[in-house]
Amino acid sequence: MDATLTICDAPTDAIRDAILAPLSAFNAEQGYPADPKPIAITLTDDDGAVVGGLWGKTVYDWLFVDYLVVPAAMRDQDLGAKLMETAERIAIERGCVGSWLTTFTFQARGFYEKLGYQVFGALDHSPRDNVRYFLRKRLDA
């Protein structure tokens, strides 16, 4: 079978799905179906507009936190911790053994460490003079 390499300047979800399909099928054949389930926990303002929250998913027995945002005007109310605790509770209910996420030097490493997360990897120069940290926490301990 011949193949052509094509650079996609504006990739779509359909292209992503087409690329992912054979990998997902292979993983499932090996006994590891992905079965990702999204998690979205929102923070709303007085008008009911979504202004922050947590976005992630549970997949392969782990919670992955894509985004955690608490607007400056809502800080110092423990909302970040409440969002994380809620997501972790959902993950445990879904049978997850742990949670992982990434953060940068200029973001919230200390916040996550206070919640029991530990660094398990780092990527220098991401971006420029910063470090991207990979953190995890066991939920079954």
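As a starting point, this report considers the structure included with it.

Criteria and cut-off values
Residues numbered from 1 in each chain as written. Predicted model: local features only at pLDDT ≥ 70, side-chain atom pairs only at ≥ 80, totals over all residues. Heavy atoms only, no water. Core = buried A, V, L, I, M, F, W, Y, C linked by side-chain atoms within 4.5 Å. Buried < 20%, exposed > 50% of the residue type's maximum accessible area, 1.4 Å probe, protein only. Helix = DSSP H or I, 4+ residues; strand = E, 2+ residues; numbered from the N terminus. Contact = heavy atoms within 4.5 Å. Pairing = 2+ DSSP bridges. Axes fitted to C-alpha atoms, helices over the stretch in contact; angles between N-to-C directions. Patch = residues over 30% accessible without salt bridge, like charges linked within 9 Å, V, L, I, M, F, W, Y side chains within 5 Å. Areas by Shrake-Rupley, 256 points an atom, 1.4 Å probe, with all protein chains shown as cover. Salt bridge = Lys/Arg side-chain N within 4 Å of Asp/Glu carboxyl O. Expected span 1.5 Å × (residues − 1). Bend = angle between axes of the 7 residues up to and from the residue.

**Re the nonpolar core**
In this structure, Ile39, Ile41, Leu54, Met84, Leu101 and Tyr117 are the most contacted members of the largest nonpolar core, which totals 24 residues. Where this core is concerned, the elements lending two or more residues are β1 (37–44), β3 (62–69), α2 (79–93) and β6 (131–138). Looking at which element gives the most residues to this core, the answer is α2, with seven residues. With sequence-adjacent residues up to four places away left out, Ile41 is seen in contact with Gly52, Gly53, Leu54, Leu83, Thr86, Ala87 and Ile90.

**Focus on the sheet that holds β6**
Note: strands within a sheet are paired through backbone hydrogen bonds, in either parallel or antiparallel orientation. Spatially, β1-β2-β3-β4-β6-β5 is the arrangement adopted by the six strands of the open sheet, whose pairing is mixed. Lying at the two open borders of the sheet, with one neighbouring strand each, are β1 and β5 (118–124). Between one strand axis and the next, the sheet turns through 20 degrees on average, direction left out of account. Both β3 and strand β4 (residues 98–104) contribute to a ladder of four bridges, which runs parallel. Within β4, the residue paired with Val65 across the bridge is Leu101.

**Concerning a nonpolar patch on the surface**
Together, Leu20, Leu23 and Phe26 line one region of the surface with nonpolar side chains, adding up to about 270 Å² of accessible area. Within the fold, Leu23 resides in helix α1 (residues 13–29).

**Section: unusual backbone geometry**
Cis geometry is found at the peptide bond from Ser126 to Pro127, where omega equals -15 degrees. Here Pro127 shows up in the loop between β5 and β6. Non-glycine residue Tyr60 carries a positive phi angle of around 50 degrees. One can find Tyr60 in the loop between β2 (50–59) and β3.

**As for α1**
The terminal C-alpha atoms of α1 lie 24 Å apart, and with 17 residues this matches the ideal 24 Å at 1.5 Å per residue to within 8%. Remark: the principal bend of α1, roughly 35 degrees, maps to Leu20, with a proline, Pro22, within the next four residues.

**A closer look at α2**
Taking 1.5 Å as the rise per residue, α2 with 15 residues should run 21 Å; its terminal C-alpha atoms sit 21 Å apart, in good agreement. Of all the residues in α2, the buried ones are Leu79, Gly80, Ala81, Leu83, Met84, Ala87, Glu88, Ile90 and Ala91. Where α2 is buried, its residues contact β1, β2, β3, β4, α3 (109–114) and β6. Downstream of α2 by one or two residues, Gly95 has phi in the positive range, about 90 degrees.

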